[in-house]
Amino acid sequence: MAFASPNSGDRREGARPSLIVIHYTAMPTCAEARARLCDPAAEVSAHWLIAEDGTCDQLVDEARRAWHAGAGAWGGITDVNSHSIGIELANPGDAPFPEPQMAALERLLAVIMARWAIHREGVIGHSDMAPERKRDPGPRFDWQRLARSGLAIWPRAEGDPSADFGISARTFGYPDVAPDAVLAAFRLRFRPGVHGPEDDTDRAMVDDLARRFPFNRLT
């Protein structure tokens, strides 16, 4: 099978995907995003691109290393590209994600997770693994919807509000970067629209995630 994007390579050191990273394209149209992801000069790609109408276009063989994640880390994984499948959603970055697109994403996630035995906690956002430089898939992405379908995770109201936020965040998988950046990324995914200093709800939520889904479960 021929794939549209030439921008890929071998997964390093025999790595297999244990993560799925969700992105938005941040471009005006899906056609423009596809052209960029397939342009050798751009040196970027993703395994899958999902249009607003739900059309799924596979650009890179899942067995290969697509160039979608860039610098960042999740847990002990620093070469995220070698350990992940990248999915781009056609979205300018400030628009809602249409129902056909979300439904297509759910179907695709279920297939990829089964094919590679990827746990639901391995489905992360680009902003999770690169909190100092990325915001996608952004505050309008419906993580709770995926969690209800067993395709991602969501915190319970059972964590310790006195827990150390930074320690819990790193146990869960967030990289060891500026605390403000980690808090912002955490809220972007789990408490969109919340601002201000770290609070008891942040600490309780991330403590619950760290207890139930420590990164070492994935390794």
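Thresholds, definitions, all that
- Residues numbered from 1 in each chain as written.
- Predicted model: local features only at pLDDT ≥ 70, side-chain atom pairs only at ≥ 80, totals over all residues.
- Heavy atoms only, no water.
- Helix = DSSP H or I, 4+ residues; strand = E, 2+ residues; numbered from the N terminus.
- Buried < 20%, exposed > 50% of the residue type's maximum accessible area, 1.4 Å probe, protein only.
- Salt bridge = Lys/Arg side-chain N within 4 Å of Asp/Glu carboxyl O.
- Disulfide = S-S within 2.5 Å.
- Phe/Tyr/Trp six-rings, centres within 6.5 Å; stacked < 30°, edge-to-face > 60°.

Participant: Tell me what's going on with unusual backbone geometry, and back it up with residues and numbers.
Facilitator: The residue after Asp 136, namely Pro 137, is reached through a cis peptide bond having omega 10°. By the secondary structure assignment, Pro 137 is in the loop between helix H3 (126-129) and helix H4 (143-148). Phi at Glu 13 is positive, roughly 55°, even though this residue is not glycine. Inspection of the secondary structure assignment puts Glu 13 in the loop between strand E1 (8-9) and strand E2 (19-24). Phi is positive for Ala 26, close to 55°, though the residue is something other than glycine. Along the chain, the position of Ala 26 falls in the loop between E2 and helix H1 (30-37). Take Ala 26: its relative accessible area is 46%, and that puts it in the partly exposed class.

Participant: Explain the pattern of salt bridges to me, and be specific about the residues and the numbers.
Facilitator: In total, this model carries 18 salt bridges according to the counting rule given. With a shortest N-O distance of 2.8 Å, Arg 203 and Glu 198 are connected by a salt bridge. Judged by its relative accessible area of 17%, Arg 203 falls in the buried class. A residue is classified by how much of its surface remains accessible, and Glu 198, at 35% relative accessible area, is partly exposed. Between Arg 203 and Asp 200 there is a salt bridge, with the nearest N and O atoms lying 2.4 Å from each other. Linking Arg 203 with Asp 200, this pair stays in helix H7 (residues 200-212), spanning three residues, or about one helical turn. Assessed through its relative accessible area of 44%, Asp 200 is described here as partly exposed.

Participant: Describe the state of the cysteines, with residues and values.
Facilitator: Overall, the coordinates contain zero disulfides when judged by the stated rule. Cysteine Cys 30 remains unbridged, with the sulfur of Cys 56 as its closest cysteine sulfur at 10 Å. Not engaged in a disulfide, the cysteine Cys 38 finds its nearest cysteine sulfur in Cys 30; these two sulfurs lie 10 Å apart. In this structure Cys 38 comes out as buried when scored by relative accessible area, which is 15%.

Participant: Could you give an account of the packing of aromatic side chains, naming the residues involved and the relevant values?
Facilitator: What the rule picks out here adds up to ten aromatic pairs. Summarising the aromatic geometry, the rings of Trp 74 and Tyr 174 are spaced 5.0 Å apart at their centres and angled 75° between planes, so their arrangement reads as edge-to-face. With Trp 74 in the loop between strand E5 (65-66) and strand E6 (84-89) and Tyr 174 in the loop between helix H5 (165-172) and helix H6 (179-190), this residue pair connects regions lying 100 residues apart in the sequence. Accessibility classification places Trp 74 together with Tyr 174 in one group, the buried group. Aromatic side chains Phe 186 and Phe 190 sit 5.0 Å apart centroid to centroid with 45° between the ring planes, which places their arrangement in the tilted category. With a gap of four residues between them, Phe 186 and Phe 190 both fall in helix H6, about one helical turn apart. Cluster of aromatic residues (ring-pair linked, three or more members): Trp 74, Trp 154, Phe 165, Phe 172, Tyr 174, Phe 186 and Phe 190.

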